[in-house]
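Observations on the three-dimensional arrangement
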Amino acid sequence: QVQLVESGGGLVQPGGSLELSCTGSGFTFSDFAINWFRQAPGKDRELLAGITTDGIRRYSDSVKGRFTISRDNAKNTSYLQMNSLLPEDTAVYLCNAERIQFLDDRAYWGQGTQVTVSS
C-alpha cells in the first residue's frame, strides 16, 4: 500500500513559522524526487519547492528565501520549513513523490495539510 502523508499544518500568526512533514511508505522513497505544492480555493495548484534524489533544491519565486525543503531518506520523510509566513500563504499544502522512468513514470500524492496564516 503506497502512502504519502503530510502533517504539521495549523494556525499561525503572520510572521510565524511552521514545519511540514511528508512521510512515504510502500515505495522506495530514495528513488523519488519530492515536491511541495499548495492550493487555495479558487486558485491553481502552485509548485513551491522540489528536491531531487541527489538533494538538489529548487524554489518558486513566491517562497524563495522564506521556505526550505529537505529530505531524510532514512526516515522516508521530506520537510518544508516555512518562515516569515504571510496571510497569502494560507492554503492546503501537499507533497508528491515523483519518478520519471521510461514506460513507468510514477507520481504519488499526499492528502494535504491545511495552513492558515491569520491574526
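Preceding this section is the structure that the text describes.
Residues numbered from 1 in each chain as written. Predicted model: local features only at pLDDT ≥ 70, side-chain atom pairs only at ≥ 80, totals over all residues. Heavy atoms only, no water.

According to the stated counting rule, one finds five salt bridges in the structure shown. With a closest N to O distance of 2.9 Å, Arg-38 and Glu-46 form a salt bridge. Under the relative-accessibility criterion, Arg-38 is labelled buried at 8%. The shortest N-O distance in the salt bridge between Asp-89 and Arg-66 comes to 2.7 Å. Residue Asp-89 is located in the loop between strand S8 (77-82) and strand S9 (91-99), and its partner Arg-66 is located in the loop between strand S6 (57-59) and strand S7 (67-72); the two are separated by 23 residues in the primary sequence. Grouping residues by exposure puts Asp-89 and Arg-66 together as buried. The network of salt bridges with shared partners includes Arg-38, Glu-46, Arg-66 and Asp-89. (Salt bridge = Lys/Arg side-chain N within 4 Å of Asp/Glu carboxyl O. Buried < 20%, exposed > 50% of the residue type's maximum accessible area, 1.4 Å probe, protein only. Helix = DSSP H or I, 4+ residues; strand = E, 2+ residues; numbered from the N terminus.)

Working definition: the strands of a sheet are paired by backbone hydrogen bonds and lie parallel or antiparallel to each other. Read from one edge of the open sheet, four strands run S1-S3-S8-S7, paired in antiparallel fashion. In the strand order of this sheet, the two ends are held by strand S1 (3-7) and S7, each with one partner. Across the sheet, the mean angle from the axis of one strand to that of its neighbour is 15°, orientation sign disregarded. Sheet topology places S1 next to strand S3 (residues 18-25); five bridges connect them, and they run antiparallel. Pairing of Ser-7 across the sheet is with Ser-21, part of S3. (Pairing = 2+ DSSP bridges. Axes fitted to C-alpha atoms, helices over the stretch in contact; angles between N-to-C directions.)

If you walk through the whole model with that rule in mind, you get one disulfide. Between Cys-22 and Cys-95 runs a disulfide, and the two sulfur atoms are separated by 2.0 Å. Across the disulfide from Cys-22 to Cys-95, rotation about the S-S bond amounts to roughly 75°, and the bridge is consequently right-handed. Of the two residues, Cys-22 is situated in strand S3 and Cys-95 in strand S9; the sequence distance between them amounts to 73 residues. (Disulfide = S-S within 2.5 Å.)

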